[in-house]
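Structural overview
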Amino acid sequence: MESNNTPNNQSQPYFSLLNFPYDSFAPNVNIGSSQIPSFSSQPSSQPSSQPSQPPSQTEETAEQRRERRLWSTQDDLVLISGWLNTSKDAVVGNGQKAGSFWIRIGDYYETSSHVRDGAQPRRPDHCRQRWQKISKEVSRFCGAFAEAESERASGMNDLDVLQNAHQIYTNLYKKKFGMEYAWNVLRYEQK
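Quick caveat: nothing in here was measured; it's all calculated off a predicted structure. (Residues numbered from 1 in each chain as written. Predicted model: local features only at pLDDT ≥ 70, side-chain atom pairs only at ≥ 80, totals over all residues. Heavy atoms only, no water.)

Here we come to the side chain of Thr 86. Residue placement: Thr 86 occurs in helix α2 (residues 73-87). Setting aside anything within four residues of it in sequence, one finds Thr 86 in contact with Gln 96, Phe 101, Arg 104 and Ile 105. (Helix = DSSP H or I, 4+ residues; strand = E, 2+ residues; numbered from the N terminus. Contact = heavy atoms within 4.5 Å.)

Encoded structure:
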């Protein structure tokens, strides 16, 4: 009992672009002319009947929207503390939805003494994005540190192992590891 709708059935050919009725579309623009269609994003050489109006004050310019606020070491440490406290909450547990989890971390960050003392507040989605970067970099460095630990020679102290881990990280990822402060806080945590 074969169906005629199966893709492997050779009796019905697939839709062929060669047989597509392109001539059914009526072209409204002569390609050889300099006429620009009215829906084009290019400026028209003909004067417009409406004067151009400046954008309203409530509209942000692209530069204002793309303003980048850098995270300081203290910002990162408050975020890490918020993530640890929220993820280890015994009352709520790990049954939290992602949205509410990051809202709680954002609230933790907003109510911290760091923000009350003048630091810039951050939205929950900004906290999530920064955490993802911190987590990625720290996890990579943990791998480099584990490799450096396995290469530990007789007479090497912890500082030598740490320097070797930095060298391994730099060789692997072609950049220096700049989040040792975060690694020191997170290195004994499960995630």
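Bringing the pattern of salt bridges into the picture now. This structure, assessed with the given rule, holds 8 salt bridges. With a closest N to O distance of 3.3 Å, Arg 122 and Asp 75 form a salt bridge. Within this pair, whereas Arg 122 is found in the loop between α4 (113-116) and α5 (124-150), its partner Asp 75 is found in helix α2, the two being separated by 47 residues in sequence. Here Arg 122 falls in the buried class, since its relative accessible area comes to 5%. Overall, the relative accessible area of 7% leaves Asp 75 in the buried class. (Salt bridge = Lys/Arg side-chain N within 4 Å of Asp/Glu carboxyl O. Buried < 20%, exposed > 50% of the residue type's maximum accessible area, 1.4 Å probe, protein only.)

It is worth spelling out the environment of Glu 151 at this point. Relative to the helices and strands, Glu 151 resides in the loop between α5 and α6 (158-173). Accessibility expressed as a relative area gives 41% for Glu 151, which makes it partly exposed. Counting along the chain gives 13 residues from Glu 151 to Asn 164, while the straight-line C-alpha distance between them is 8.9 Å. With sequence-adjacent residues up to four places away left out, Glu 151 is seen in contact with Met 156, Asn 164 and Ile 168.

Attention now moves to the packing of aromatic side chains. With the rule as written, the count across this model stands at 9 aromatic pairs. Between Phe 145 and Trp 183, the ring centres sit 4.9 Å apart and the planes meet at 55°, which makes this aromatic pair tilted. Here Trp 183 lies in helix α7 (residues 180-186) and Phe 145 lies in helix α5, a separation of 38 residues in the sequence. You can call Trp 183 buried: its relative accessible area is 3%. The interplanar angle of 65° and the centroid separation of 5.2 Å between the aromatic rings of Tyr 169 and Phe 177 together place this pair among those described as edge-to-face. These aromatic residues form a ring-pair network of at least three members: Phe 141, Phe 145, Tyr 169, Tyr 173, Phe 177 and Trp 183. We note Arg 122 situated over the ring of Trp 71; from NZ or CZ to the ring centre the distance is 4.2 Å. (Phe/Tyr/Trp six-rings, centres within 6.5 Å; stacked < 30°, edge-to-face > 60°. Lys NZ or Arg CZ within 6 Å of the ring centre and 35° of its normal.)

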